[in-house]
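Working through the structure, step by step
If you want the building blocks of each chain, they are given just below.
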Amino acid sequence: MRILRITFVAFFILIAAALILTAGRLNTAPALAADQPAAALKPIGKPVAITVPLGLPPVPIPADNPPTAETIALGRRLYYDPILSADNTISCASCHGAETGFTDRGSVSTGVGGKKGARHSPTVLNSAYSDLQFWDGRAPSLEEQAKGPIINPVEMATAHDAAVARLQADPKYVALFKQAWGTDRITIDRVVKSIASFERTVLCGNSPFDRFYYGHDKKALSASAQRGLKLFLDPKKGDCASCHTIGEKYALFTDNKFHNLGIGADIEGKLNDLGRYDQTKNDADYGAFKTPTLRAIALRAPYMHDGSFPTLNDALSHYIGGGNANPHLDKKIHALDFLTFDERADILAFMDSLTAPLPTEIGPPPDLAKAQKPATK
Ligand code: HEC
Ligand code: HEC
């Protein structure tokens, strides 16, 4: 009898709980569809596996943004379309254009109204592998990074809600967002997630170096570039790979860390840009900048975070001289003046071997190709 009563009470509690839960869900369902938190939002299409060229590892994918054919295509369009800028003149590609190795020719970049930024545009190629984005690492993901330039007054200068309103007023975009995200309600999170998914396909590998080193094609590199590779790796010679890393199975050419080479230091060793330090307030980060990848480096002049070196030879000369003296110069940077002129030429030949033709799928969509004009010469 007692057992029966307990069973009955338990049964009753269960039913009541189920009723409360269902009612709760029914009540909140419409609100959720409209205002889901960004993290709970996934594209509706079938996730695609991004194929990587020789010499690159698998692309890290965030759990809440698996790339789909639809989000990649939408992101590519948003990347090349000046629609996100205040006066409809500047797209992401103005400063990270395909023909210049996904960077631009200015020492610092130029945004709407000819306004100059403070730093040189880094390449978007292989930025999918960066632990942190920007020269100073201030954005934790490609998604967060993409919010920056839209709103930045010296880049695209558009408030996020204004950018979204402009897209929402364009029936072509409304249809594309519906296909990609299952809703015609455009949000800034869906915009940046689409752009980030496209960026995860902007990859550079399969260069002569990769075919030589990972593909075992002995003819892929000239004799000079092969000697340059040895010098690049040798801790007693160039020692470049201690920061621009080359792994056993793939090469990112970056340790994803921050170092001070004294770029921008004046004659007294005073730095005009404190780099990573401004983010961490950690003394070790004073004047330190993220090690950039060296892929497609021959296409990416001018060089360094301030674009102060017009040629690769100028960048190499900086290392030969041991960087610019300042109290926080990285311990790995020291004069390399013992390298002969032939050895210097070999290192340059090696750096030239890191460029490969880029697939047309990462260039502008055909109907937007005409709209491409670089922001800086
Ligand atoms: C006016 C020029 C300009 C425009 C427009 C612009 N960028 Fe940039 N971008 C830069 C500069 C300059 C930096 C480096 C800033 C810094 O590190 O402080 C940068 C940094 C980045 C990085 C970080 C790369 C790395 O290695 O850390 C990515 C990724 C990127 N931009 C993507 C985009 C996307 C996507 C858009 C469009 C939504 C865009 N950019 C629009 C100039 C621009
Ligand atoms: C201590 C780590 C370290 C070592 C060693 C090192 N680099 Fe770098 N490299 C960096 C960092 C960090 C930057 C960016 C610095 C800045 O802009 O302030 C950079 C920038 C460059 C650039 C310009 C890239 C761009 O996007 O503008 C080239 C080219 C380059 N390095 C080549 C070399 C070569 C060649 C060697 C060997 C002789 C070498 N590096 C050794 C860390 C290193």
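Reading the values: rules and limits
- Residues numbered from 1 in each chain as written.
- Chains lettered and ligands numbered in written order.
- Predicted model: local features only at pLDDT ≥ 70, side-chain atom pairs only at ≥ 80, totals over all residues.
- Helix = DSSP H or I, 4+ residues; strand = E, 2+ residues; numbered from the N terminus.
- Buried ≥ 20, exposed ≤ 12 C-beta atoms within 10 Å, placed from the backbone.
- Contact = placed C-beta atoms within 7 Å.
- Near = placed C-beta within 6 Å.
- Nonpolar A, V, L, I, M, F, W, Y, C, P; charged D, E, K, R; others polar.
- pLDDT = per-residue confidence, 0-100.
- Core = buried A, V, L, I, M, F, W, Y, C linked by C-beta atoms within 7 Å.
- Domains from an automatic or database assignment.
- Arc of directions from axis to C-beta.
- Axes fitted to C-alpha atoms, helices over the stretch in contact; angles between N-to-C directions.
- Parallel < 35°, antiparallel > 145°, perpendicular 65-115°, else oblique.
- Left-handed = near helix turned anticlockwise from the far one by under 90°.

Looking now at the overall build of the protein. Helix and strand content of the protein: twelve helices and two strands. With 377 residues in all, the protein has 41% of them scored as buried. Long-range contacts, defined here as pairs at least 24 residues apart, represent 66% of the contacts in the protein between residues at least 6 apart.

With that out of the way, let us pick up the site of ligand 2. Close to ligand 2 lie 26 residues; Cys240, Cys243, Pro292, Tyr303 and His305 are nearest. Looking at the shell around ligand 2 element by element, the count peaks at four residues for helix 11 (residues 312-320). Along the lines of polarity and charge, the residues of the shell around ligand 2 split into 16 nonpolar, six polar and four charged.

Across the protein, pLDDT averages 90, with 88% of residues at or above 70. In this model, residues 14-35 is a region of pLDDT below 50 whose contacts with residues beyond four sequence positions or in other chains number one contact.

Here the focus is the nonpolar core. Core analysis: the largest hydrophobic core is formed by 65 residues, its most contacted members being Tyr79, Leu125, Phe177 and Ile195. Shared between two domains, this core takes at least three residues from each, and those domains are domain 1 (69-203) and domain 2 (208-352). Those residues in contact with Ile195 that sit more than four places away from it in its chain are Gly75, Leu78, Tyr79 and Ala146. Counting residues in hydrophobic clusters, the runner-up holds six residues, among them Trp135, Tyr277, Ala288 and Phe289.

Before going further, it helps to spend a moment on helix 4 (residues 142-151). Since one α-helical turn is 3.6 residues long, residues separated by three or four positions face the same way. Taken as a whole, helix 4 has its buried residues at Leu142, Glu143, Gln145, Ala146, Pro149 and Ile150. Looking straight down helix 4, one finds its buried side chains confined to an arc of 155°; they lie on one side. On the buried face of helix 4, the contacting elements are helix 3 (92-95), helix 5 (160-168) and helix 7 (188-199).

Turning to the site of ligand 1, a few remarks are in order. Near ligand 1 lie 29 residues; those nearest to it are Cys92, Cys95, Gly111, Trp135 and Pro149. When residues of the shell around ligand 1 are assigned to their parent elements, the largest contribution, five residues, is made by helix 4. Looking at the shell around ligand 1, its residues break down into 15 nonpolar, ten polar and four charged.

Running from amino to carboxyl end, helix 2 (residues 69-80) crosses helix 6 (residues 171-181) at an angle of 150°, the nearest separation of the two axes being 8 Å. As far as their axial angle goes, helix 6 and helix 2 are roughly antiparallel. Between helix 2 and helix 6 lies a crossing of left-handed hand. Contacts between helix 2 and helix 6 involve Glu70, Thr71 and Leu74 on the former and, on the latter, Leu176, Phe177, Gln179 and Ala180. Its residues placed into classes, the contact of helix 2 with helix 6 shows four nonpolar, two polar and one charged.

This part takes up the environment of Pro67. Position of Pro67 relative to the elements: it lies in the loop between helix 1 (2-35) and helix 2. Spatially, the C-alpha atoms of Pro67 and Gly45 are 8.7 Å apart, while their sequence positions differ by 22 residues. Leave out the neighbours within four places in its chain, and Pro67 touches Pro47, Val48, Ile50, Ile61, Ile72, Ser197 and Arg200.

The next point concerns helix 9 (residues 223-233). All of the buried residues along helix 9 are Ala225, Gly228, Leu229, Leu231 and Phe232. When helix 9 is viewed along its axis, its buried side chains cluster within an angular range of 165° and face the same direction.

Right, let's get into unusual backbone geometry. Negative phi values dominate among residues other than glycine, just as trans dominates among peptide bonds. Of note, the amide linkage connecting Ala301 to Pro302 takes the cis form, showing an omega dihedral of -5°. Secondary-structure assignment places Pro302 in the loop between strand 2 (289-290) and helix 11. For Asn88, which is not a glycine, the phi torsion comes out positive at approximately 60°. Position of Asn88 among the secondary structure elements: in the loop between helix 2 and helix 3.

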